Each structure stands twice: as C-alpha cells, then as structure tokens.
2 protein chains.
Amino acid sequence: MKRDSRLSGVLHVLLHMAQQPGPFTSETLAKAMDTNPVVIRRIMAGLRELGYVRSEKGHGGGWTLACDLSKVTLRDVYAALGSPSLLAMGNRTEAPGCLVEQAVNAALDQAFHDAEALLLSRLGEVTLAMLGADLRKRLGSRKIHDMSAHRA
Amino acid sequence: MKRDSRLSGVLHVLLHMAQQPGPFTSETLAKAMDTNPVVIRRIMAGLRELGYVRSEKGHGGGWTLACDLSKVTLRDVYAALGSPSLLAMGNRTEAPGCLVEQAVNAALDQAFHDAEALLLSRLGEVTLAMLGADLRKRLGSRKIHDMSAHRA
DNA sequence: CCATCATGTAACATACAAAGTTACATGAAA
DNA sequence: TTTCATGTAACTTTGTATGTTACATGATGG
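Note that this is a predicted model, so its numbers are computed, not measured.

(A) A look at the side chain of N91(B). Residue and element names in this part refer to chain B. Among the secondary structure elements, N91 is positioned in the loop between α4 (74–80) and α5 (99–125). Polar side-chain contacts of N91 include one of 3.4 Å to the side chain of E94. Separated by 2.7 Å, the side chains of N91 and D109 make a polar contact.

The following block contains the structure:
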C-alpha cells in the first residue's frame, strides 16, 4: 500500500516551528519539507480549526503555533488530520450476509481493533513538547538546518 | 486509504474450502466471493508455494487444502500473501538527513512498530481450525450458502 | 490424437486516495 | 494600490489493489 505520510509531515512542520519564533509562510515550510505550499496549507487546515496553530494573511503573515506544546499529543494531531484509517488492511465486505465472511471478519476485527487501540494509545502518550525535547537532544549544540536562510 | 482486503479474501476462500471436500475451481470460488477467477489464483499463488493448498489442472482439477488447519495461523496466511504493509501511515522520508525528521520518525516508528507487533501476534494466535470452529458455531444446523449449486 | 477443462501468467483497464500543481479569490500590510 | 500570503477549487500525477482479457500450459476423457 501507498502509505499516508500526512501525520509524519505535519509533525515535521510543527517541530520546525517550535524551534524558532514565527510566523512561517507556507512557502518556507514547503521548502523545508521539499513539497508544495498548498500541501502545507492542506495538512495545517485541521490544526487551525482546532486552534493548535493560527494563520495570518498579507505582509508578515504566515503560520504561528498557538497551543501549549506540552498539552498536545501526537494523537491530537492525528485527530486534527481527520483521523484517517490507521490500518492498511480491512475486511472485504463490512456487513456480509455470508456466515463465512462474518466469521472471518470477527477474527480480523478483533486483531485490527486491538492494534489500532494500541497505536492510538501510544500516540496519546507523546506530546509535542516531548518531541521537541528529543530533538534538542539530537541537536546537541548544532543548529537545525536554518530556515531563516530561505526567508531572504 | 484504500484498504487491502486480500487477507480477508483468502481467509474467506480457505474457510469455504474447509466446509466441504474439494477440489474447487477458481471460478467456483470466484462466484462465492463475487469476484474474478484470476483474482482467486493470484491470492492463492502464495499459499500454494508454501504448501497450504494444492492446485490441479484439467478435468476434475482445482484447489485443494493441503495442510493441517490446526497448524496454520492467520499470520501464516498473511505471510503467504507476501507480508504486505499492515499500517496505512508511514514516515514521509525513511532515512532523512534532517534531524527534525529523525526525531519525528523515531517517535512514530516506536508506535508503529508496537502496533504492528501486536497485530502480528494476534494473528498468530488464531488458527484456521479455530476460525472453522467459530464458523460452525455460527452455522448452527443451517448450511452455508451452497457452493455445490454453482458446480452444475 | 484431440477436444475440453482448469490453472498460470502476462498485459491491460479501472478505481481510488494521497500528493503535487495551477489558478484565482480574499484579505492584510506597506 | 501594489505586494504578499492564505484559502480553496480544480486538475494532474502517482501508486496500489482490483478487475478483465487473452493466451499458453498441462491434465483428463473420449
């Protein structure tokens, strides 16, 4: 399956933003992620609705963090994306008449549900602040790849 | 994400086959699953290679179970399909130079790995024989939708 | 031997979602 | 009023599962 990388992408953006004061334009963020500004706006839209970030138009505009990073978990971010399906596999038919299919679904659903629950739980344990702390550990004294260079 | 239903499909086929003696042609099985014979052959190919089923050409040919159903788990069947990816989400970049991305990947990988491991473990706990037993419980005294009707 | 049946497989078509792109409207700042 | 930046619709591209067609291979029955 082609894998959905929106969560990975949006976390990357948020973590970048947490490293220096904003605001950041979609174009700046897009360059850092090697993608398109519209893609950035797309994945950030849900976060804006939930109040995790703000966006301003015009000169000096762009995206700004608007939440307590120690209060927002990866699960919250996932939810802000619209809770896309976590598993690549699913049942052939969701509400089958065939008893064979029902038996198969029951067995798979059990396993699928457990795995999804664990994943969500794990995502709920990690806050953006924790991610930031981990990043700073990795950075040591070095600077991250400097986005201000892009901001001419 | 569009979900991969091959595991669900192949289990359906195997369970059908376990209910009555074979052999079953790809066309018969395809009709029961409301799909195409070639699709059946495709998902059964891996099982044949691992010896879980056999196939014969010509008159009276078709697919036959060739394993001890109490020894084969859903995980084995999954592996026979080529172990397609279980999760619908993944990292944007697998081996990034950017430290921000590395921090994000590390956090997500942890959660992803745990969920995959749990799912595989759960699948490993269920044998085809157990699925069959559950099916017979659901059947009660009724017959499953009768494939022999299709076999003229 | 040959017609029929069934698998094996390549090749192509279809469906669908994420990701990328283009275009333009909206609104804010200089 | 020009410039910048977001907001969003519409379209293109890409990747994968799924569906389909076509034909080769081999087994069975006459």
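Alright, that's what it looks like, and here's the rest.
(B) Structural view of the packing of helix α1 (residues 6–19) of chain A against helix α6 (residues 128–139) of chain A. Residue and element names in this part refer to chain A. Relative orientation of the contacting elements α1 and α6 amounts to 70°, with a least axis distance of 10 Å. Relative to α6, α1 is oriented roughly perpendicular. Pair α1 / α6 crosses with right-handed handedness. Contacts between α1 and α6 pair L11, L14, L15 and Q19 from the former with L128, L131, G132, L135, R136 and L139 from the latter. Taken together, the residues of the contact of α1 with α6 break down into 7 nonpolar, 2 polar and 1 charged.

(C) How the structure looks around the relation of the copies chain B and chain A. Each copy of the sequence occupies a distinct position, and chain B is placed on chain A by a rotation of 180° and an axial shift of 0.0 Å, giving an RMSD of 0.1 Å. Put plainly, the chains are arranged around a two-fold axis. Looking at the interface residues of chain B, 100% of them are also at the interface in chain A, so both copies use one shared face.

(D) Structural context of the pairing of strand β2 (residues 62–65) of chain B. Residue and element names in this part refer to chain B. Here 4 bridges tie strand β1 (residues 53–56) to β2, and the two strands are oriented antiparallel to one another. Within β2, the position partnered with S55 by the bridge is W63. Between β1 and β2, which pair antiparallel and follow one another directly, the connecting turn spans 5 residues, one of which, G58, has a positive phi of 75°.

(E) Spotlight on the protein's contact with DNA strand D. Every one of the 28 residues lining DNA strand D counts as a neighbour, but S26(A), R41(A), R48(A), S5(B) and R42(B) are closest to it. Close to the protein, within 4 Å, the atoms of DNA strand D belong to sugar or phosphate groups at a rate of 60%. Between a base nitrogen of DNA strand D and a side-chain N or O atom of R42(B), the distance comes to 2.8 Å. In terms of residue count, the dominant contributor to the surface near DNA strand D is helix α3 (residues 37–49) of chain A (4 residues). Classifying every residue of the surface near DNA strand D gives 6 nonpolar, 11 polar and 11 charged.

What counts, and at which threshold
- Residues numbered from 1 in each chain as written.
- Chains lettered and ligands numbered in written order.
- Predicted model: local features only at pLDDT ≥ 70, side-chain atom pairs only at ≥ 80, totals over all residues.
- Heavy atoms only, no water.
- Helix = DSSP H or I, 4+ residues; strand = E, 2+ residues; numbered from the N terminus.
- Polar contact = N/O pair within 3.5 Å; in protein donor to acceptor, adjacent residues only side chain to side chain.
- Axes fitted to C-alpha atoms, helices over the stretch in contact; angles between N-to-C directions.
- Parallel < 35°, antiparallel > 145°, perpendicular 65-115°, else oblique.
- Left-handed = near helix turned anticlockwise from the far one by under 90°.
- Contact = heavy atoms within 4.5 Å.
- Nonpolar A, V, L, I, M, F, W, Y, C, P; charged D, E, K, R; others polar.
- Least-squares fit on C-alpha atoms with pLDDT ≥ 70 in both.
- Pairing = 2+ DSSP bridges.
- Near = heavy atom within 4 Å.

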